Amino acid sequence: MTPDDILEKLTDVFRDIFDDDTLTLTRETMAQNIEEWDSLNQIKLILGCEKEFEIRLKPRRINALQNIGEMVDHLSELLN
Amino acid sequence: MLFSSAEFLFLFLPLTLLAFHLLRIYQGGRAAMAATVAASLFFYGWWNPPYLLLIITSIGGNFFYTRALATNPGRWKLLSALGFNLALLGYFKYRNFFLENVDYLIGDGLTEPGSLGVIFIPLGISFYTFQQMALLLDANDGAVKKTPDLLEYSQFILFFPQLIAGPIILYREMVDQFTRLEANHGAGLSLFGPGLVVFTLGLFKKVCLADGIAQFANLAFSSHASITMLEAWAGILAYSLQLYFDFSGYSDMAVGLGLMFGFCLPLNFDTPFRARNMIDFWKRWHMTMTRFFMMYVYSPMALSLSRYGLKHFSHAGMIFILAVACPIMVTFLLSGLWHGAGWTFVIFGAVNGLGLITNHAWKEWGKIRLPFILSWALTLLTVLVSFVYFRAENLVVAHNILEAMFSPAAFLLPNWLESLAVLTGLPWDSLTMFSAGSYAVRCFVWVVVLGVLSLWLPNWAKTYNDLAPSWRLSLAVSFMGFMAIGWLDKPQTFLYFQF
């Protein structure tokens, strides 16, 4: 899966959880850029990604990521 | 040595800054770091030299464990490392609380409260223990990209601006700054100006605002047994403002001091009283502590409970209890207990936990979105109630204050409103604190002015990158500096130093 594919799938997960079909993600998007981002939504995001990509994530590893770009890199590391 | 004391401002700080920057320029970053580590040890030892032994033991043990875990992670090694920290923290902070409560349950009456002898809580132990435990967990996860050597490690823990009461920094946000300093590519003096501005704002908040309003809070809590409704509300409002300006003032000073040395420390407060709901409040209040608990306690617990819940239950309410309510409540009970060994702190955590759970439940199932002013008021009310427990010495005091706040029988008018009272048939003569009109007016003015400032004062610790020199800024800073230095003669300790 290419990083672009991952970003696209990730956007679907985000749109679903934040209930916002206009939401767009870039590699630079950070938690602060999404107003509804809180600890609970973060858990939902992790679970959503696990389902979408059929992998298992470690919460502390996800916490250390700074932005969506790092998330994409982390996912592509796990997937490829 | 408090940040707001003359010996710190006029001797320790200038000398340390001078040594740091001279060494940085002439001997390189590592020599400068060694100087701040030495100065920080002196700073810590100033209060109580024997506790230097404790912090050095803690740093030595944790440094050893961090290196061991970074090279070769392992569950048992991690558990023994965390055990080492919790044992130190447990003995010095929670031993008496634990023994008194065990004794209460078993009830042989051998241990009277206080008879265990006082263990003085070593300054900052909760803060430096947490910082080190976070690094241990990261090292075990393989999330530390460059393992610190002893000098970097000591700088990370001991750096005096954040040593006693945070902000709770993470190694990952400092490591690049250390590397740059060592390669002589650090920030140098480029952040010195903004640092001075942020520091002065913090000093002003602490010395002029927090210490100024403290008297009204103290009087209310010391006369809790005979307090009336108006006095109780005035008292808890005064205390909330005192706590905010005290701790955000301290945090501003810490960030400002960091900048003067060329280090960026994380933000701790983001104008919290503007929060529109409980979730928002905890994104803005003591942010680095919330971050620690969210990362290392809440997330792992919530994730495994969510997985379990989704697998075994289909009822939305059951999943909510498992995935949301339980982890939030446990996290906040622990964060309450982190503040201090006492039931008041546990209830402080519980009130906030309940507020957050309600907030999440409302987001999930609430049919209407509350108007801003209503949700803001409800948030503030929850926070104020939790602060009553936070401030009270024991549960009796807390409940007296709360009873006065919420019982209509306690609604009495001060005697200088006698004519009004007679007219409306209200009782008026038993109000002690506000029996003098001048006291009431002063208290009212303090609460209103500080309330407005808590919402509108600029947050320079957040926006220091955008600060541009201007006449207005320099006038504001000199005014605040002048006021603060003028009031320095009665330094009071920071509220968060007890944790």
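Given the structure is predicted, the values throughout are model-derived calculations rather than measurements.

## So, the packing of aromatic side chains
Residue and element names in this part refer to chain B. According to the stated counting rule, one finds 57 aromatic pairs over all chains in the structure shown. Ring geometry for Phe-8 and Phe-160: centres 6.0 Å apart, planes at 70°, overall edge-to-face. In this pair, Phe-8 sits in helix H1 (residues 6-26) while Phe-160 sits in helix H7 (residues 160-163), placing the two residues 152 residues apart along the sequence. Exposure remark for Phe-8: the relative accessible area of 0% places this residue in the buried category. Ring geometry for Phe-160 versus Phe-261: centroids 5.6 Å apart, planes at 85°, classification edge-to-face. Placement of Phe-160 in helix H7 and of Phe-261 in the loop between helix H10 (229-260) and helix H11 (278-284) is noted, with a sequence separation of 101 residues between them. With relative accessibility at 0%, the residue Phe-160 sits in the buried group. Overall, the relative accessible area of 3% leaves Phe-261 in the buried class. Cation over ring: Lys-93 sits above Trp-338, and NZ or CZ is 5.8 Å from the ring centre. One Lys or Arg, Arg-274, reaches over the ring of Trp-456 and ends 5.2 Å from the middle of that ring.

## Considering the confidence of the model for chain B
Residue and element names in this part refer to chain B. Taken as a whole, chain B shows an average pLDDT of 87; of its residues, 90% reach a score of 70 or greater. Mean pLDDT values for the elements of chain B range from 65 in helix H17 (residues 418-424) up to 95 in helix H6 (residues 150-158). Our summary of model confidence lists the complex with pTM equal to 0.87 and ipTM equal to 0.79.

## Let's talk about H1(B)
All names here are of chain B. An ideal rise of 1.5 Å per residue puts 30 Å on 21 residues; H1 measures up with 29 Å between its terminal C-alpha atoms. Listed as buried for H1 are Phe-8, Leu-9, Phe-12, Leu-13, Thr-16, Leu-17, Phe-20, His-21 and Arg-24. Positive phi shows up at Gly-28, right after H1, with a value of about 100°.

## Quick word on the nonpolar core
Grouped together as the largest cluster of nonpolar side chains are 186 residues, with contacts concentrated most on Leu10(A), Phe14(A), Phe8(B), Trp285(B) and Phe387(B). Tallying contributions element by element places H10(B) first for this core, with 17 residues. In this structure, Phe387(B) is in contact with Ile236(B), Tyr239(B), Ser240(B), Leu243(B), Phe273(B), Phe281(B), Trp285(B) and Phe348(B), ignoring residues within four places of it in sequence.

## As for the packing of H1(B) against helix H2 (residues 29-45) of chain B
Residue and element names in this part refer to chain B. With their axes 7 Å apart at the nearest point, H1 and H2 run at an angle of 160° to one another. As the angle between them shows, H1 and H2 are arranged roughly antiparallel. Packed against H1, whose contacting residues are Phe-8, Phe-12, Thr-16, Phe-20, Leu-23 and Arg-24, the element H2 presents Gly-29, Ala-31, Ala-32, Met-33, Ala-35, Thr-36, Ala-39, Phe-42 and Phe-43 at the interface. Considering only residue class, the contact of H1 with H2 consists of 11 nonpolar, 3 polar and 1 charged.

## A word on the side chain of Arg391(B)
All names here are of chain B. Along the chain, Arg-391 falls in helix H15 (residues 372-391). The buried category is assigned to Arg-391, whose relative accessible area is 19%. Polar contacts involving the side chain of Arg-391 include one to the side chain of Asn-218, which spans 3.1 Å. Only 3.1 Å separates the side chain of Arg-391 from the side chain of Glu-393, close enough to count as a polar contact. Among all residues touching Arg-391, those that are not within four sequence positions of it are Ala-217, Asn-218, Phe-221 and Tyr-239.

## Some words on the interface of chain A and chain B
Opposite the 19 residues of chain A that make contact, chain B presents 21 residues. Buried surface at the junction of chain A and chain B, both sides included, amounts to about 1900 Å², of which 55% is carbon and sulfur. If you sort the residues of chain A by the area they bury against chain B, Leu40(A), Ile43(A) and Arg60(A) come out on top, with a joint share of 33%. For the pair chain A and chain B, the number of links is 6 salt bridges. The tally of links from chain A across to chain B stands at 9 residue pairs in polar contact (both at pLDDT 80 or more). For the side of chain A that touches chain B, the leading source of residues is helix H2 (residues 39-53) of chain A, giving 8 residues.

Rules used throughout
Residues numbered from 1 in each chain as written. Chains lettered and ligands numbered in written order. Predicted model: local features only at pLDDT ≥ 70, side-chain atom pairs only at ≥ 80, totals over all residues. Heavy atoms only, no water. Phe/Tyr/Trp six-rings, centres within 6.5 Å; stacked < 30°, edge-to-face > 60°. Helix = DSSP H or I, 4+ residues; strand = E, 2+ residues; numbered from the N terminus. Buried < 20%, exposed > 50% of the residue type's maximum accessible area, 1.4 Å probe, protein only. Lys NZ or Arg CZ within 6 Å of the ring centre and 35° of its normal. pLDDT = per-residue confidence, 0-100. Expected span 1.5 Å × (residues − 1). Core = buried A, V, L, I, M, F, W, Y, C linked by side-chain atoms within 4.5 Å. Contact = heavy atoms within 4.5 Å. Axes fitted to C-alpha atoms, helices over the stretch in contact; angles between N-to-C directions. Parallel < 35°, antiparallel > 145°, perpendicular 65-115°, else oblique. Nonpolar A, V, L, I, M, F, W, Y, C, P; charged D, E, K, R; others polar. Polar contact = N/O pair within 3.5 Å; in protein donor to acceptor, adjacent residues only side chain to side chain. Buried area = accessible area lost by both parts, 1.4 Å probe. Salt bridge = Lys/Arg side-chain N within 4 Å of Asp/Glu carboxyl O.

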